[in-house]
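# Remarks on the overall topology
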Amino acid sequence: MTQEALIVLDRVNKRFGDHHVLRDVDLTVSKGEVVVIIGPSGAGKSTLCRAINRLETIDSGTISVDGTPLPAEGKALARLRAEVGMVFQSFNLFAHKSVLDNVVLGQVHVLKRPKDAAERKARELLDRVGIGGQAAKYPAQLSGGQQQRVAIARALAMDPKVILFDEPTSALDPEMVNEVLEVMTALARDGMTMVVVTHEMGFARRAADRVVFMADGEIVEQDSPDGFFTAPGSERAQSFLAKILTH
């Protein structure tokens, strides 16, 4: 059974001035696959993640989602962003809107879903991420972990083909990290296609189908979590793991 490719990056390059952030990156993510991208700071992980839904433009190479090259701008880009959900380090919620409205808005404006259907869907998803009781509150009244779960519900509300997570737990207090990772692990089990940039190695081991290790703008190696964590093939990965797994 060949798995259907959902995201394909082909020889992607990106520079910020003299800094070559992404160097000829090739990566294919299949439908239903959970790919976790790890590596040292400055490896290009977040840039790669942001390039997939065109929050970051690329200098050369191609990125396609579900067989379609990334559109440059306009309506096609808005549609792509609905199909490619994104959860950031900072929660990016609308502070002046209730939790429910945060999850309803995109459905009504982008998907043109009727408001009552959008609200039903929003309540369902807030229940699913474990914060159904907080629907009437405003983001500032929630903990960071709860806000991040609203952001996940908001991404899910758009029925995306894939969700990108850019270090979704790095701004959270340690005791809140697990509640967000649990929601993400459940999504992974439900078959959601996910690309996750994270420092959480436990999550990578538990939920990833594939671990992609990046350093200096390149994909150095990729393997199953088991293969990568027990026998990393490159010296770069070995030294990275030695540093983080001893703590």
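The numbering scheme is per chain: residues are counted from 1 as the chain's sequence reads. The model is predicted, so local features are restricted to residues of pLDDT at least 70 and side-chain atom pairs to those at 80 or more, both for listing and for counting; the totals for chains, interfaces and linings are taken over all residues. Side-chain calculation: all heavy atoms of the structure are included, whereas hydrogens and water are not.

Glancing now at the packing of aromatic side chains. Aromatic rings from Phe, Tyr and Trp, with only the six-membered ring used for Trp, were paired whenever their centres fell within 6.5 Å, and each pair was classed as stacked if the ring planes differed by under 30 degrees, edge-to-face if by over 60, and tilted otherwise. Applying the stated criterion across every chain yields a total of three aromatic pairs. Each ring, one from Phe228 and one from Phe229, has its centre 5.3 Å from the other, and the planes form 80 degrees; the classification is edge-to-face. Exposed residues in this analysis have more than 50% of their type's maximum accessible area, buried residues have under 20%, and partly exposed residues fall in between, with area computed by a 1.4 Å probe over protein chains only. You can call Phe229 buried: its relative accessible area is 8%. An aromatic cluster of three or more residues is present, and its members are Phe213, Phe228, Phe229 and Phe240.

Let us now look at unusual backbone geometry. A positive phi angle, close to 50 degrees, is found at Arg11, a residue other than glycine. Secondary structure elements are defined from DSSP: runs of H or I of at least 4 residues count as helices, runs of E of at least 2 residues count as strands, and each element is numbered from the N terminus. Its place among the elements puts Arg11 in strand 1 (residues 5–16). Even without being glycine, Glu167 reaches a positive phi, approximately 45 degrees. Checked against the element boundaries, Glu167 lands in the loop between strand 7 (162–166) and helix 6 (174–189).

Bringing the UniProt feature "domain: ABC transporter" (unreviewed entry) in the protein chain into the picture now. UniProt positions are given in the numbering used here, feature names are shortened, and annotations may be inferred rather than shown by experiment. In the numbering adopted here, UniProt assigns the feature "domain: ABC transporter" (unreviewed entry) to residues 7–241. With 39% helix and 26% strand, residues 7–241 has its two end C-alpha atoms placed 27 Å apart.

Between any two strands, pairing holds if DSSP finds at least two bridges. Taken together, four strands build an open sheet; the order of strands is 2-1-4-5 and the sheet is antiparallel. For this open sheet the edge positions go to strand 2 (19–30) and strand 5 (68–69), each flanked by a neighbour on one side alone. Here five bridges tie strand 1 to strand 4 (residues 60–65), and the two strands are oriented antiparallel to one another. Across the sheet, residue Val8 finds its bridge partner in strand 4, namely Ser64.

Here we take up helix 4 (residues 115–128). Take the number of residues in a helix, subtract one, and multiply by 1.5 Å to get its expected span. With 14 residues, helix 4 should cover 20 Å at 1.5 Å per step; its first-to-last C-alpha distance of 20 Å lies within 8% of that length. When we look at burial in helix 4, the residues that qualify are Ala118, Ala122, Leu125 and Leu126. Along the axis of helix 4, the buried positions cluster into a sector of 100 degrees, meaning they face one direction only. Exposed side of helix 4, more than 90 degrees from the buried face: Asp116, Arg120, Glu124 and Asp127 are the residues found there. Throughout, a residue-residue contact means that at least one pair of heavy atoms, one from each residue, lies within 4.5 Å. In this structure, the buried residues of helix 4 make contact with helix 3 (99–109) and helix 5 (144–157). A positive phi of about 85 degrees marks Gly130, the residue just after helix 4. Comment: arc refers to directions from the helix axis out to C-beta atoms.

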